[in-house]
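Residue-level structural notes
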Amino acid sequence: MKKLQSVRGMHDVLPPETALWREMEQRIVAAVEAYGYQEIRLPIVEHTELFARSIGEVTDIVEKEMYTFRDRNGDSLSLRPEGTAGCVRAGIQHGFLHNRQQRLWYAGPMFRHERPQKGRYRQFHQIGVEAFGMAGPDVDAEQILLCRRIWEVLGIQGLRLEINSLGDLPDRRAYRERLVAHLREHRDALDAEALRRLETNPLRILDSKNPALRPVIEAAPAFHEFLSKAARDHYEGLKRLLDEAGVAYVQNPRLVRGLDYYNRTVFEWVTDRLGAQGTVCAGGRYDGLVEQLGGRSTPAAGFAIGLERVAELLPDWDAETLASPDAYLVAVGAEAERFSRGLAERLRDQVPGLRLVANCGDGSFKAQFKRADRSGAALALVVGEEEAARGMVTLKPLRGSGEQVQLDESALVAELRTRVHARRRENTE
Ligand code: HAM
């Protein structure tokens, strides 16, 4: 029989690596919540139409990358390729966007049928934020500052912030006309992909990775000349706020993004350490989307972080130690086992955050110590018949230095509290 395997581009995360993921997610969420964002939980499956109408019919995501299927009723559904569309859909459906400021965050798997490579997967994970009801550049700047704080709490350095303004719809229409005229003049230099996009989504040609197209792209009219005054003021306002906050950025006029809903501000955080898949976080403003999906006109801005890519950039946290239990409780003999069962529950009650594995399945001292060692626990707590009779426990360090000591229960609780606290801090500092 053929061996069963996970789907290409979709990966398991195993312990101890899961501990790194959890630490990373908790830190990001804490930073996001420090700016007043509240969690929203959204379905993984939505009507295909939602993504076609928001991300855009002629984007790579909708044309080529969605996992789309008919359910048993014959409805066309898709696994979400991103979170913004679902968040806006929920806002309109539940009416929580109207006349109110809302700051929301979400986390979870997204699905795109792309060609898998390092940093690019078919199931990947995002943490994203969306802010509704704020039209000015202050919230754009605040979100960029939030990103900066996230890199800081994760200990990630050296990311480059790229920003651009895509203007508003009329600006883009005017620019599109001029761009198409320019590209038509150089039709012979375009590749098949660009020729196709010339008719459907010419702005995306600016994003082409084909070096042969570089000269034509370099010579294309500059978009910022087409910005309306309002859009230009918004962009200038954003840059002023970033300067004021001491955030370094690079203006990249070629930054156009692969989703159609953006206007005005777009930004990406990029690293050179991940090869071709260097964008770890991306977002921007999408003032037209709520109305486009049937809600009342509501300005909005957001971003999403690609967690697989961020995980690659984390400093050297010790996954083994992060994941491993604090203590393994060894008990030999009927009376010792009885005593240790109660003890284990009392310790979990009294030592906040304690990770305690109690031995299951009998075994000699030797066998139990072997399990304790394999568990990765920092300490063994040992109860023999003699200890059980006196209500004492032997605490024996399994890793690093330290003497073994016999303690009564209250001294043991105090000792474990100190050690657990110290251990959590030292693993990620
Ligand atoms: P996006 O640029 O499509 O934007 O994705 C955001 C981030 O998700 C990317 O920068 C990247 O780190 C990660 N990512 C995307 N595709 C993959 C993949 N195949 N494998 C691994 N990581 C990937 C959005 O999704 C927008 N919804 C962001 C946003 C929120 N804009 C406004 N609000």
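If you're wondering where the values come from, they're calculated on a predicted model, not measured in any experiment.

Overview of the overall build of the chain
When you go through the chain residue by residue, the secondary structure sums to 16 helices and 16 strands. Buried residues in the chain amount to 51% of all 429 residues. At a minimum sequence separation of 6, the contacts of the chain that also span at least 24 residues come to 71%. By element, 49% of the accessible surface of the chain is carried by carbon and sulfur atoms, the whole surface being about 21500 Å².

So, the pairing of strand 4 (residues 76-79)
Alignment of strand 2 (residues 45-47) against strand 4, held across 3 bridges, turns out to be antiparallel. Directly across from H47, in strand 4, lies its bridge partner L77. Where strand 3 (residues 68-70) meets strand 4, 3 bridges bridge the pair, whose relative direction is antiparallel. Opposite F69, over in strand 4, you have L77 as the bridge partner. Linking two consecutive strands that pair antiparallel, namely strand 3 and strand 4, is a turn of 5 residues; a positive phi of about 85° is found at G74 within it.

Comments concerning the packing of aromatic side chains
The geometry of an aromatic ring pair comes down to the distance between the two centres and the angle between the two planes. Scanning the entire structure with this criterion turns up 7 aromatic pairs. With a centroid separation of 5.8 Å and 70° between ring planes, the pair formed by W151 and W269 is classed as edge-to-face. One end of the pair, W151, is in helix 5 (residues 137-154); the other, W269, is in strand 9 (residues 263-270), and 118 residues separate them in sequence. Like W269, W151 is buried. Where Y175 meets F223, the ring centres are 4.8 Å apart and the plane angle is 90°; that geometry is what we call edge-to-face. Within this pair, whereas Y175 is found in helix 6 (residues 169-185), its partner F223 is found in the loop between helix 8 (214-218) and helix 9 (229-244), the two being separated by 48 residues in sequence. On the basis of relative accessibility, which here comes to 1%, the residue Y175 falls in the buried class.

Focus on the sheet that holds strand 14 (residues 379-383)
One open sheet holds the 5 strands; their spatial order is 13-12-14-15-16, and the pairing between them is mixed. Strands with a single pairing partner mark the edges of an open sheet, and in this sheet they are strand 13 (356-358) and strand 16 (405-408). Here the strands of the sheet are splayed against their neighbours by 30° on average, with no regard to which way each runs. In the sheet, strand 15 (residues 392-397) pairs with strand 16 via 4 bridges, with the strands oriented antiparallel. By the bridge assignment for strand 16, L395 is matched with V405. Strands strand 12 (327-331), strand 13, strand 14 and strand 15 of the sheet are contacted by helix 13 (residues 334-350), whose axis makes an angle of about 160° with strand 12. Helix-sheet contacts for helix 14 (residues 365-375) involve strand 12, strand 14 and strand 15, and the interaxial angle to strand 12 is about 170°.

What about the domain arrangement of the chain?
Accessible area lost upon the coming together of the parts is a frequently used measure of interface size. You can read the domains of the chain as domain 1 (17-168 + 228-313) and domain 2 (324-427). Put simply, the middle of domain 1 and the middle of domain 2, counted by C-alpha atoms, are 46 Å apart.

Considerations on the nonpolar core
Side chains of nonpolar character tend, in soluble globular proteins, to be buried together. Among the nonpolar cores identified, the biggest contains 52 residues, and I40 and F132 are the most heavily contacted of them. Excluding its chain neighbours within four sequence positions, the residues that come into contact with I40 are C87, A90, F96, L104, W105 and Y106. Within the second largest apolar cluster, 45 residues are counted, among which are A141, C147, L307 and W317.

Examining helix 4 (residues 84-94)
Where burial is concerned, most of helix 4 is hidden: 8 out of the 11 residues are buried. Along its buried surface, helix 4 packs onto strand 2, helix 2 (48-54), strand 5 (102-111), strand 6 (123-132) and helix 10 (289-292). Positive phi appears at G95, one or two residues downstream of helix 4, with a value of about 65°.

Overview of the site of the ligand
If you check the shell around the ligand, you find 26 residues, and the closest are E82, R112, E114, E130 and Y262. At 2.8 Å, a backbone N or O of T279 approaches an oxygen atom of the ligand. Backbone polar atom of V280 to an oxygen atom of the ligand: 3.4 Å apart, as the coordinates give it. Going through the elements one at a time, strand 6, strand 10 (279-285) and strand 11 (300-306) are the ones with two or more residues in the shell around the ligand. No other element matches the 5 residues that strand 10 contributes to the shell around the ligand. Residues belonging to the shell around the ligand are distributed by class as follows: 12 nonpolar, 7 polar and 7 charged.

Looking at the sheet that holds strand 2
Across the sheet, 3 strands lie side by side as 2-4-3; this open sheet has antiparallel pairing. Each edge of the open sheet is held by one strand with a lone partner, namely strand 2 and strand 3. Neighbour-to-neighbour, the strand axes of this sheet turn through a mean angle of 35°, independent of strand direction.

Some points on the side chain of E82
Looking at the secondary structure, you find E82 in the loop between strand 4 and helix 4. Buried within the structure, E82 lacks any salt-bridge partner; R112 is the closest side chain of opposite charge, at an N-O distance of 5.6 Å. Looking at E82, its side chain comes within polar contact range of the side chain of T84, at 3.2 Å. Within polar-contact distance, the side chain of E82 engages the side chain of Y261 at 2.5 Å. Setting aside chain neighbours within four positions, we find E82 in contact with F51, I55, M110, R112, Q126, L259 and Y261.

Conventions and cut-offs
- Residues numbered from 1 in each chain as written.
- Predicted model: local features only at pLDDT ≥ 70, side-chain atom pairs only at ≥ 80, totals over all residues.
- Heavy atoms only, no water.
- Helix = DSSP H or I, 4+ residues; strand = E, 2+ residues; numbered from the N terminus.
- Buried < 20%, exposed > 50% of the residue type's maximum accessible area, 1.4 Å probe, protein only.
- Contact = heavy atoms within 4.5 Å.
- Areas by Shrake-Rupley, 256 points an atom, 1.4 Å probe, with all protein chains shown as cover.
- Pairing = 2+ DSSP bridges.
- Phe/Tyr/Trp six-rings, centres within 6.5 Å; stacked < 30°, edge-to-face > 60°.
- Axes fitted to C-alpha atoms, helices over the stretch in contact; angles between N-to-C directions.
- Domains from an automatic or database assignment.
- Core = buried A, V, L, I, M, F, W, Y, C linked by side-chain atoms within 4.5 Å.
- Near = heavy atom within 4 Å.
- Polar contact = N/O pair within 3.5 Å; in protein donor to acceptor, adjacent residues only side chain to side chain.
- Nonpolar A, V, L, I, M, F, W, Y, C, P; charged D, E, K, R; others polar.
- Lys, Arg positive; Asp, Glu negative; His and termini not counted.
- Salt bridge = Lys/Arg side-chain N within 4 Å of Asp/Glu carboxyl O.

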